Amino acid sequence: MIVGEPVRIRVPDVLIGHDAANDEIWGTDERDVENVLVAPGPRADLTDAERPAGVRVVFNLHFPKTFEGSLRGGEIRVRGQWYAVIGDPQPYTPENTPGQWNMPVEVETVKG
């Protein structure tokens, strides 16, 4: 059986509601998401001469079908470390995802 793990998302500039005058309220969506599959991505040394010890760390995450919301411009904490979301992840079509997970998300950080 495949088992996911919890991650924490943080996405800025999200419409979170309306006030009494029906004006939009914008804020940060920060919450835990359960059952996310975490797969290490490729690791690469940076070739920039100014960062000879730099390493780019990537994870490939697979979010469950129960997840709702956008991750564009956000960050995800995986195993205690924050990683930047790459691009604007979109879910697969329901017909092509018989399992529990339908949205691949690539995240990265640079160390050194």
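Residues numbered from 1 in each chain as written. Predicted model: local features only at pLDDT ≥ 70, side-chain atom pairs only at ≥ 80, totals over all residues. Heavy atoms only, no water.

1. A short note on the overall build of the protein chain
When helices and strands are counted, the protein chain shows zero helices and seven strands. Buried positions account for 30% of the 112 residues belonging to the protein chain. Within the protein chain, residue pairs in contact and separated by at least 24 positions form 57% of the contacts whose partners lie at least 6 positions apart. Counting every atom, the protein chain has about 7,300 Å² of accessible surface; 50% of that belongs to carbon and sulfur. (Helix = DSSP H or I, 4+ residues; strand = E, 2+ residues; numbered from the N terminus. Buried < 20%, exposed > 50% of the residue type's maximum accessible area, 1.4 Å probe, protein only. Contact = heavy atoms within 4.5 Å. Areas by Shrake-Rupley, 256 points an atom, 1.4 Å probe, with all protein chains shown as cover.)

2. Things to note about unusual backbone geometry
Positive phi, normally seen in glycine, also occurs at Asp13, with a value near 55°. By the element assignment, Asp13 lies in strand 1 (residues 5-18). Even without glycine at this site, Arg79 takes up a positive phi of about 50°. Inspection of the secondary structure puts Arg79 in the loop between strand 5 (75-78) and strand 6 (81-85).

3. Brief notes about the pattern of salt bridges
This model, assessed by the stated rule, comprises six salt bridges. Its salt-bridge partner being Arg79, residue Glu5 comes within 3.0 Å of it at the nearest N-O pair. Here Glu5 is found in strand 1, whereas its partner Arg79 is found in the loop between strand 5 and strand 6, with 74 residues between them in sequence. Taking relative accessible area as the criterion, Glu5 reaches 23% and is therefore assigned partly exposed. The salt bridge partner of Arg8 is Glu30, with a shortest N-O separation of 3.1 Å. (Salt bridge = Lys/Arg side-chain N within 4 Å of Asp/Glu carboxyl O.)

4. Some details on the side chain of Asn102
For Asn102, the location among the structural elements is in strand 7 (residues 101-111). When neighbours within four sequence positions are excluded, Asn102 is seen to be in contact with Phe63, Pro64, Lys65, Pro91, Tyr92 and Thr97.

5. Description of the side chain of Thr97
Its place among the elements puts Thr97 in the loop between strand 6 and strand 7. A polar contact of 3.3 Å, which involves the side chain of Thr97, links it to the backbone oxygen of Thr93. (Polar contact = N/O pair within 3.5 Å; in protein donor to acceptor, adjacent residues only side chain to side chain.)

6. Quick word on the packing of aromatic side chains
On inspection of all chains with the given rule, the structure shows two aromatic pairs. Geometrically, the ring pair formed by Phe63 and Phe67 is edge-to-face, given 5.0 Å between the ring centres and 65° between the ring planes. Like Phe67, Phe63 is buried. The ring of Trp82 carries the charged tip of Arg10 above its face, separated from the ring centre by 3.8 Å. (Phe/Tyr/Trp six-rings, centres within 6.5 Å; stacked < 30°, edge-to-face > 60°. Lys NZ or Arg CZ within 6 Å of the ring centre and 35° of its normal.)

7. Here's the deal with the environment of Ile86
Mapped onto the elements of the fold, Ile86 is located in the loop between strand 6 and strand 7. Sequence separation of Ile86 and Leu71 is 15 residues, and the distance between their C-alpha atoms is 9.0 Å. Apart from residues no more than four positions distant in its own chain, Ile86 is found in contact with Arg56, Glu106, Val107 and Glu108.

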